[in-house]
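Observations on the model geometry
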Amino acid sequence: TVMAAVGEAGQDRDFALKLCLEEVINNAMEHGNLDDPDKAVYLTVKKIPEGVVIRVKDEGDGFDYRSLESLWETRPLLSERGRGLVLVRHYADRVEFKGDGNEVVLTFRR
């Protein structure tokens, strides 16, 4: 399982993985694919010696992920929009956006 790939870190790590997966998949469906049922979300999980790499890609147009740098530091966690990516950035060991911004790669280390 994905949880086993990052080692025996317990409930905290399980919570972090589930939260991050939920956030990026929901973002892909809602913001990327605009809730279009004809568009897919692709999920790839790869076990690496250091842990696990998770890729989530949607069929949307993407977004300017470079503008997120200021969001990481300034977005209040109680804000209605944008806090999901702040939480993902907090829990994942690495967050990368690829292409036009319609693919996110999360790395979780043991």
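Placed above this text is the structure.
We now turn to the structure provided with this report.

Some words on the pairing of strand β2 (residues 51-58)
On a regular strand, one side chain projects to one face of the sheet and the next to the other, so that they alternate. Counting buried residues along β2, six of its eight residues qualify, which places the element largely inside the surrounding structure. Examined bridge by bridge, strand β1 (residues 41-48) and β2 share eight bridges and lie antiparallel to one another. In the sheet register, K47 faces β2, and the bridge partner there is V52. Sheet topology places β2 next to strand β4 (residues 103-109); seven bridges connect them, and they run antiparallel. Each residue of the ladder has a partner; that of V52, found in β4, is F108.

A few points about the sheet that holds β2
Read across the sheet, four strands follow the order β1-β2-β4-β3 without closing on themselves; strand pairing throughout is antiparallel. On the outer flanks of this sheet lie β1 and β3 (94-98), each paired with one strand and no other. Geometrically, the sheet is characterised by an average inter-axis angle of 15° between neighbouring strands, direction not taken into account.

Things to note about the pattern of salt bridges
Taken as a whole and assessed by the stated rule, the structure comprises five salt bridges. Across the pair R94 and E96 runs a salt bridge whose closest N-O atoms are separated by 3.4 Å. Classification of R94 as partly exposed rests on a relative accessible area of 43%. A salt bridge links K98 to E96; its shortest N-O distance comes to 3.4 Å. Ionic contacts of the salt-bridge type, sharing partners, join the residues R94, E96 and K98 into one network.

A word on unusual backbone geometry
The residue L34 is not glycine, and still its phi comes out positive at about 55°. Tracing the chain through its elements places L34 in the loop between α2 (11-32) and β1. Its relative accessible area of 64% is what places L34 among the exposed residues. You will see that D35, though not glycine, has its phi angle at about 55°, which is positive.

Brief notes about the environment of A16
With respect to the helices, strands and loops of the structure, A16 is situated in helix α2. Taking C-alpha positions, A16 is 7.5 Å from A92, a pair spaced 76 residues apart along the chain.

Observations regarding the environment of H90
Here H90 lies in helix α4 (residues 83-91). Residues H90 and A16 lie 74 residues apart in sequence; the distance between their C-alpha atoms is 9.2 Å.

Rules used throughout
Residues numbered from 1 in each chain as written. Predicted model: local features only at pLDDT ≥ 70, side-chain atom pairs only at ≥ 80, totals over all residues. Heavy atoms only, no water. Buried < 20%, exposed > 50% of the residue type's maximum accessible area, 1.4 Å probe, protein only. Helix = DSSP H or I, 4+ residues; strand = E, 2+ residues; numbered from the N terminus. Pairing = 2+ DSSP bridges. Axes fitted to C-alpha atoms, helices over the stretch in contact; angles between N-to-C directions. Salt bridge = Lys/Arg side-chain N within 4 Å of Asp/Glu carboxyl O.

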